[in-house]
Amino acid sequence: RIEHYEFDMDIEPSGQLVRVTADFEVKGKGEALLMRLSPKYAISSATIDGRKVELLDAETILDPPTLPSGPLLVRAGSVFWIRGAKDGSKICLKYTGTVRGRSERAGPDACFLTAYWWPHIGRQPATHEITMTVPSDWTAIAQGEMLREKRTSRQYTVTWRNNLAVCF
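Residues numbered from 1 in each chain as written. Predicted model: local features only at pLDDT ≥ 70, side-chain atom pairs only at ≥ 80, totals over all residues. Heavy atoms only, no water.

A.B. asks: Looking at this model, I keep getting lost on the sheet that holds strand β2 (residues 17-26). Mind explaining?
C.D. replies: Each strand in a sheet pairs with another by means of backbone hydrogen bonds, the pair being arranged parallel or else antiparallel. Ordered in space as β5-β4-β9-β2-β1-β12-β14-β13, the 8 strands form an open sheet in which the pairing is mixed. Each having just a single partner strand, β5 (51-52) and β13 (145-151) make up the two edges of the open sheet. In this sheet, strand β14 (residues 155-166) lies alongside strand β12 (residues 126-135) in antiparallel orientation, the contact comprising 9 bridges. In the sheet register, H128 faces β14, and the bridge partner there is N162. (Pairing = 2+ DSSP bridges. Helix = DSSP H or I, 4+ residues; strand = E, 2+ residues; numbered from the N terminus.)

Structure follows, in C-alpha cells:
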C-alpha cells in the first residue's frame, strides 16, 4: 500500500503538457506492485531507493531467461507492474502527459486533471503534498491546505498538503 505521495507538477499550457514527479514509500509485504496511471501519461523514468528501474512495455517480448534481474517496470495501457519494491522502499516516478479533452484539459487559460493522473493501487486512499508550477497569471488549487506560494513574472509555484486520505 501507499499511504502518502509527494508530487511535483509542472503545467505547460502551450503544449498542453503536464509533467509530474511522484515520490512515495511502499508499505507491506511482497516485492511487487500493480498500479494504475492514465495511459495519457508516459513514464520516462523510475527509481526504487535511488536505483534505476528498467522500463518495458507490454509489446516487448518477455522471455524469462532473458528478463532483467534488477528492478523492473512493465506497462500495458493504464496498468503497470513494478518489481523490486519491498516494505519501506522509496519509489520515484517521472511521467508526462498531453492533456486535452472534455473531462481533462491543460490549455492556454486553465488546467484541470480528473482521471488517474497519479499512480495508485486500486483507488486506495492516501494523503499527499503537491507542488504545482503554472503560468504567473494562473491560480493553482488542490485539496488540503496551502503551505507556501511564490509568484514571479514568469511563473507561479504553490504547494498544497492534504492530510486527509482520499482516493480522488
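Still more ground to cover, so stick around.
A.B. asks: In this structure, what is going on with unusual backbone geometry? I would like to understand it.
C.D. replies: Comment: phi is negative for the bulk of residues other than glycine, and the bulk of peptide bonds are trans. The backbone of Q16 shows a phi angle near 55 degrees, a positive value even though the residue is not glycine. Looking at where Q16 falls in the secondary structure, it is placed in the loop between β1 (2-12) and β2.

A.B. asks: Please clarify how the sheet that holds strand β3 (residues 32-36) should be interpreted in this entry.
C.D. replies: As summarised here, the arrangement of the 4 strands in space is β3-β8-β7-β6, forming an open sheet in which the pairing is mixed. Edge positions in the sheet fall to β3 and β6 (54-57), since each has one partner strand and no second. Put simply, the sheet's adjacent strands are angled 20 degrees from each other on average, direction ignored. (Axes fitted to C-alpha atoms, helices over the stretch in contact; angles between N-to-C directions.)

A.B. asks: Honestly, a nonpolar patch on the surface in this entry has me stumped. Any pointers?
C.D. replies: Taken together, the side chains of L34, V79 and W81 make up a nonpolar region of the molecular surface, amounting to roughly 260 Å² of accessible area. The topology assignment puts V79 in strand β8 (residues 79-83). (Patch = residues over 30% accessible without salt bridge, like charges linked within 9 Å, V, L, I, M, F, W, Y side chains within 5 Å. Areas by Shrake-Rupley, 256 points an atom, 1.4 Å probe, with all protein chains shown as cover. Salt bridge = Lys/Arg side-chain N within 4 Å of Asp/Glu carboxyl O.)

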